Amino acid sequence: LEKSQAELDLRLSQNLRKRHMELEARLSETEKASKVAAETLTSRTEAKERGRTTVDSLQSQYDELAKGVSEQKDREAKLRAEYEEARAGEQGRAASMEESRRQLESYQTKKAMYVARRDELSKKIREIGSLPSDAFEKYRGKSVKELHKLLKEVLDQQVGFNKVNQKALDQYINFTEQLEDLTKRQAEIEAGNKKIQELITTLDQKKDEAIERTFKQVSRNFREVFKELVPDGEGHLVMVKAKKSKDGAGGGDDDDDENRSAAANAATGAAGPSSSAPSFESRYSGVKPQVAFGPGHVAKQMKQLSGGQKTVVALALVLAIQKCDPAPFYLFDEIDAALDVQYRATVAATLRRRCDDASAPSQFIATTFHPELVKRADRAYGVSQRNRVSRVARVTGAEALAFLDAGGAADDDDDVGGNDHNNEKKTKRKRRGDEDEEAVAEEEEENSDEDDDDMDV
């Protein structure tokens, strides 16, 4: 018994107690698992409740969607029925359109035929002639048989009018329209011509005013310049009246009173030509100077002056125009050849004053055989000739004057005329030619400046 007890105790201590402890441990784990399971169950229960709520919500949505689907199916069925009905109607309309197209083609064919018929009838009507405006209304209600009967009667009557121009009415209408067009064009051309004439009149008036204004200025300058050249003299420009008849009566040089009146009006600034006055060309034929070369002398015309006096008048006119419209420079060729000493001096002084004018300075290039221009000149150049070749070299005023004093210029006290001066120039040219031939044989090219010169200022 004790051994059995010892074995039982040993078994108890080794197996049963250990099993007891394991069971207690498992019980403890089971309790913990039960607790966790209870908590999980609680959470799952809550989740189930939430799921049931969601399911109810989804069920209600599903019911609504099912209802909407049902309504959509009903609507789709209705639309399908309408579509089938519309399709059937479209097929009917297509058939109707095809029928209409066939009818339209038939109508167009008939229209083309009627248009051709209309053109043919219109051509026949034009061949017959113009019809009165009430012709169609007059015969509109008659039958074809009656119209043929009337047509036969008219054709029978027409036989007697074969030689009558059946297109006279059409021609009259056409010519009337052309007359109206030509009348309009004539009115337009006359209006344009009137404007052109007005423009021509305005331009002529401005031109006459400009000519008369320029003449006044030139005439005033001519008096001043002539007074400088001839201190004791007097000169003015006059406009020559145009001749009134072919025989020269009533105009030209004989009408001195009218010429002097025109010059006086131009000098005192008389009013320009009016619009009703004749044109400038019809009133005047030219301009002429009238001068007197001393106190108490009668004013002379150009044909009554000597060569030197004509030169003075020409210089006065050139310088008068120069004051109105200055040029860059002026080239004079022996303008003092036919002048007396006193006029050569006044001409040189006048040119000097023009050069020194600060408001409008001018340049003058002049050839001369007299000392007056050389004394007033800024620069002098000598022109020599050797072997028929001219050479130009600058010289001093003293050298130029020495050449003139040696006999290269004419005597200052002589009143040289145009013919005598030409003869003197020919003699000088011949003398220069002889001297050049001798110089070729005796002198070298560098000594060619010693030959006789023409002096330029």
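Going along each chain's sequence as written, the residues are numbered from 1 onward. Totals for whole chains, interfaces and linings use all residues, but because this is a predicted model, local features are given only for residues with pLDDT of at least 70 and pairs of side-chain atoms are given and counted only at 80 or more. Only hydrogens and water are set aside; all other atoms, that is, all heavy atoms of the structure, feed into the side-chain values.

This paragraph deals with the overall build of the protein. Working definition: helices are DSSP H or I runs of at least four residues, strands are E runs of at least two. Numbering for both runs from the N terminus. Tallying secondary structure elements over the protein gives 11 helices and seven strands in all. Think of it in three bands: with a 1.4 Å probe and only protein chains considered, a residue is buried below 20% of the maximum accessible area for its type, exposed above 50%, and partly exposed in between. Expressed as a percentage of its 457 residues, the buried residues of the protein come to 22%. Whether two residues are in contact is decided by their heavy atoms, any of which lying within 4.5 Å being enough. Look at the contacts in the protein between residues 6 or more apart in sequence, and 68% of them connect residues 24 or more apart. The protein chains shown are the only cover counted for residues, whose accessible areas, like all others here, come from Shrake-Rupley with a 1.4 Å probe. Carbon together with sulfur atoms contributes 53% to the accessible area of the protein, which is approximately 33400 Å² in total.

One can describe the packing of helix α4 (residues 168-229) onto helix α7 (residues 307-324) by two numbers: an axis separation of 8 Å at closest approach and a directional angle of 130°. By the criterion of interaxial angle, the relationship of α4 to α7 is oblique. Crossing handedness for the pair α4 and α7: right-handed. Facing α4, whose interface residues are Gln217, Val218, Asn221, Phe222, Glu224, Val225, Phe226 and Leu229, α7 presents Val312, Val313, Leu315, Ala316, Leu317, Leu319, Ala320, Ile321, Lys323 and Cys324. Here the contact of α4 with α7 is built from residues that sort into 14 nonpolar, two polar and two charged. All axes here are fitted lines through C-alpha atoms, helices being fitted over the stretch that makes contact, and every angle between N-to-C directions spans 0 to 180 degrees. The scheme is simple: roughly parallel for angles under 35 degrees, roughly antiparallel for over 145, roughly perpendicular for 65 to 115, oblique for anything else. Left-handed describes a crossing whose near helix is turned anticlockwise from the far helix through less than a right angle; right-handed describes the clockwise counterpart. Residues are grouped as follows: nonpolar covers Ala, Val, Leu, Ile, Met, Phe, Trp, Tyr, Cys and Pro; charged covers Asp, Glu, Lys and Arg; every other residue, Gly included, is treated as polar.

Its 16 residues place the ends of helix α8 (residues 341-356) 23 Å apart at the C-alpha level, agreeing with the 22 Å of an ideal helix rising 1.5 Å per residue. In the core, the buried residues of α8 are packed alongside α4, α7, β3 (329-333), β4 (363-367) and α9 (371-376). By definition here, a helix of n residues has an expected span of 1.5 Å times n minus one.

Glancing now at the nonpolar core. With 30 residues, the main nonpolar core has Phe222, Phe226, Leu229, Phe293, Val312, Phe332 and Leu351 as its most contacted residues. When near neighbours in sequence (up to four residues on either side) are disregarded, phenylalanine 332 contacts Leu315, Val318, Leu351, Phe364, Ile365, Ala366 and Thr367. Side-chain atoms within 4.5 Å link the members of a nonpolar core, which is a set of buried Ala, Val, Leu, Ile, Met, Phe, Trp, Tyr and Cys residues. In this structure, Val374, Ala380, Ala400 and Phe403 belong to the second largest nonpolar core, which totals six residues.

A few words now on unusual backbone geometry. For glutamate 334, which is not a glycine, the phi torsion comes out positive at approximately 50°. Residue classification places glutamate 334 among the buried positions, given a relative accessible area of 14%. The backbone phi angle of asparagine 387 is positive, close to 55°, even though this residue is not glycine. Its place among the elements puts asparagine 387 in the loop between β5 (380-386) and β6 (389-395).

A few words now on the pairing of β5. In terms of burial, β5 is largely enclosed, as five of its seven residues are buried. Paired strands, as defined in this entry, are two strands with at least two bridges between them according to DSSP. The antiparallel hairpin formed by β5 and β6 contains two residues in its connecting segment, where asparagine 387 sits at a positive phi of about 55°.

In what follows, salt bridge is the name for a side-chain nitrogen of Lys or Arg lying within 4 Å of a carboxyl oxygen of Asp or Glu. This structure, assessed with the given rule, holds 16 salt bridges. Close ionic contact of glutamate 76 with arginine 80 constitutes a salt bridge, the shortest N to O distance being 3.3 Å. You can see glutamate 76 and its partner arginine 80 sitting in helix α1 (residues 2-128), four residues apart, about one turn around the helix. For glutamate 98, the salt bridge identified is with arginine 102, shortest N-O distance 3.7 Å. One end of the pair is glutamate 98 and the other is arginine 102, both in helix α1 and four residues apart, which spans about a single turn. The class for arginine 102 is partly exposed, based on a relative accessible area of 41%. A network of salt bridges, in which partner residues are shared, links Glu98, Glu99, Arg101, Arg102 and Glu105.

The next subject is the packing of aromatic side chains. Two rings from Phe, Tyr or Trp (for Trp, the six-membered ring) form a pair when their centres sit within 6.5 Å of each other. Planes less than 30 degrees apart are called stacked, planes more than 60 degrees apart edge-to-face, and all others tilted. What the rule picks out here adds up to five aromatic pairs. On the numbers, 6.0 Å between centres and 65° between planes, the contact of phenylalanine 293 with tyrosine 343 is edge-to-face. Of this pair, phenylalanine 293 sits in the loop between β2 (284-292) and α7 while tyrosine 343 sits in helix α8, and the two are 50 residues apart along the sequence. This pair shows no difference in class: phenylalanine 293 is buried, exactly as tyrosine 343 is. Relative to phenylalanine 364, the ring of phenylalanine 332 has its centre 5.9 Å away and its plane inclined at 25°; by these criteria the two rings are stacked. Note that phenylalanine 332 is positioned in strand β3 and phenylalanine 364 in strand β4, a separation of 32 residues in sequence. Members of the aromatic cluster, joined through ring pairs, are Phe222, Phe226, Phe293 and Tyr343.

The next thing to look at is a nonpolar patch on the surface. A contiguous nonpolar surface patch, about 320 Å² in accessible area, is contributed by Leu169, Tyr172 and Ile173. One can find leucine 169 in helix α4. Only residues whose relative accessible area exceeds 30% and that take part in no salt bridge are eligible for patches, with like-charged residues grouped when within 9 Å of each other and nonpolar side chains (Val, Leu, Ile, Met, Phe, Trp, Tyr) grouped when within 5 Å.

Each residue carries a pLDDT value, the predictor's own confidence for that position, ranging from 0 to 100. In this model, the protein carries an average pLDDT of 76, and 78% of its residues clear a pLDDT of 70 or more. When mean pLDDT is taken per element in the protein, α4 scores highest with 90 and strand β7 (residues 453-456) scores lowest with 38. Within the model, pLDDT remains below 50 along residues 247-275, and this stretch shows 46 contacts once partners closer than five positions in the same chain are excluded. Counting contacts from residues 409-457, a segment whose pLDDT is below 50, to residues more than four positions away or on other chains yields 80 contacts.

Taken together, the seven bridges between β5 and β6 define a ladder with antiparallel strand orientation. Paired with alanine 380 across the bridge in β6 is valine 395.

A few words now on the side chain of arginine 344. By secondary structure assignment, the location of arginine 344 is in helix α8. Arginine 344 gets classed as buried once you look at its relative accessible area, which sits at 1%. For arginine 344, the side chain forms a polar contact with the side chain of glutamate 372, separated by 3.2 Å. Two N or O atoms form a polar contact when they lie within 3.5 Å of each other; inside protein one atom must be a possible hydrogen donor and the other a possible acceptor, and for residues adjacent in sequence the pair counts only when both atoms belong to side chains.

Our next topic: the packing of α7 against α8. Between α7 and α8, whose axes approach to 12 Å, the crossing angle comes to 10°. Here α7 lies roughly parallel to α8, going by the angle between them. Together, Val312, Leu315, Leu319, Gln322 and Lys323 of α7 and Tyr343, Val347, Thr350, Leu351 and Arg354 of α8 make up the contact between the two elements. Partitioned by chemical class, the residues of the contact of α7 with α8 number six nonpolar, two polar and two charged.

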